[in-house]
Amino acid sequence: MIAFGSSMTSPEAYERFAKPGIMRVAEPDSEVYPYQAAGSIFRSYNLMLEQAGAHEDLEALVLVHQDAEIVDAEFCAKVREALSDPEVGLVGCVGAVDAGSIAWWEGSVSGGSAVYRYGDVGGGDMPAVAWGGNGASRDVSTGEVETLDGFIMVLSPWAVRNLRFDESLGQLYGHDFDFCRQVRAAG
């Protein structure tokens, strides 16, 4: 069973973006946890980990930002394939190596076909791997990274049951970088 969770500070954003994407790819047995922010995104995510971790048949927990939309109809199959390696604890769409802080984009960025859409200044689309970093190529590529952009994070059952987001870090930023460091430290 693949579970999905989203922490909301704006239910309108969730309804517009995350929910349609989750409903597009959710399977009949999927659990969906749309939580109004419980103090911080870190707290909400930890509550979702508790709920999802109680399912013996858990295959993955997908944490989706309220303003991110999953559009790939093959998403669940790709999640299962990526997590079929027992050494993989966490999967995402965009990540980096050699990022020394929560500014992951300052590392060597790689990612799939994620697109950032923005509504400011007339709006538009920008490939997620086309910005930031140390001048390295921003070609779409996949592979092992040290940290992820937390807009979509797919946690293995082991990560769900054994790790937690550090609620002392603040309200919103850094949860992804810290969680990735925990996964890497655990091997």
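Residues numbered from 1 in each chain as written. Predicted model: local features only at pLDDT ≥ 70, side-chain atom pairs only at ≥ 80, totals over all residues. Heavy atoms only, no water.

What exactly am I supposed to notice about the confidence of the model for the chain here?
Do not read the fine detail of predicted coordinates wherever pLDDT is low. In the predicted model, the chain carries a mean pLDDT of 84, and 76% of its residues have values of at least 70. When the criterion is pLDDT under 50, residues 132-137 qualifies, and its contacts beyond four places in sequence or with other chains add up to eleven contacts. (pLDDT = per-residue confidence, 0-100. Contact = heavy atoms within 4.5 Å.)

How should I be thinking about the pattern of salt bridges in this particular structure?
Think of it this way: side chains of opposite charge can pair up when their charged atoms draw near. Across all of its chains, the model carries seven salt bridges by this definition. Residue R80 pairs with E27 through a salt bridge whose shortest N-O separation is 2.7 Å. Residue R80 is located in helix 3 (residues 75-82), and its partner E27 is located in the loop between helix 1 (11-25) and strand 2 (32-36); the two are separated by 53 residues in the primary sequence. Accessibility expressed as a relative area gives 31% for R80, which makes it partly exposed. With a relative accessible area of 24%, E27 lands in the partly exposed category. Measuring nitrogen to oxygen at the nearest pair gives 2.8 Å for the salt bridge that ties R164 to E50. Separated by 114 residues along the polypeptide, R164 in the loop between helix 4 (157-162) and helix 5 (175-185) and E50 in helix 2 (residues 41-53) bring together distant segments of the chain. Here R164 falls in the partly exposed class, since its relative accessible area comes to 27%. Among the charged side chains, a network of salt bridges with common partners joins E27, E59 and R80. (Salt bridge = Lys/Arg side-chain N within 4 Å of Asp/Glu carboxyl O. Helix = DSSP H or I, 4+ residues; strand = E, 2+ residues; numbered from the N terminus. Buried < 20%, exposed > 50% of the residue type's maximum accessible area, 1.4 Å probe, protein only.)

It is not clear to me how the environment of R24 should be interpreted in this structure. Could you clarify?
One can find R24 in helix 1. Residues R24 and V71, spaced 47 residues apart in sequence, show a C-alpha to C-alpha distance of 7.4 Å. Here the side chain of R24 touches I70 through a polar contact of 2.5 Å, landing on its backbone oxygen. (Polar contact = N/O pair within 3.5 Å; in protein donor to acceptor, adjacent residues only side chain to side chain.)

Would you explain the packing of aromatic side chains in this entry?
For any pair of aromatic rings, geometry is given as the distance between the ring centres together with the angle between the planes. A complete count under the given rule lists four aromatic pairs for this structure. Seen from their ring centres, Y45 and F165 are 5.3 Å apart, and the 55° between their planes marks the pair as tilted. Taken together, the residues Y45 in helix 2 and F165 in the loop between helix 4 and helix 5 connect sequence positions 120 residues apart. Accessibility assignment for this pair places Y45 and F165 in one class, buried. Ring centres of F165 and F179 lie 4.3 Å apart, and the angle between their planes is 20°; on these two criteria the pair is classed as stacked. Note that F165 is positioned in the loop between helix 4 and helix 5 and F179 in helix 5, a separation of 14 residues in sequence. You'll find F165 and F179 in the same group, each marked buried. Chaining the aromatic ring pairs together yields one cluster made of Y45, F165 and F179. (Phe/Tyr/Trp six-rings, centres within 6.5 Å; stacked < 30°, edge-to-face > 60°.)

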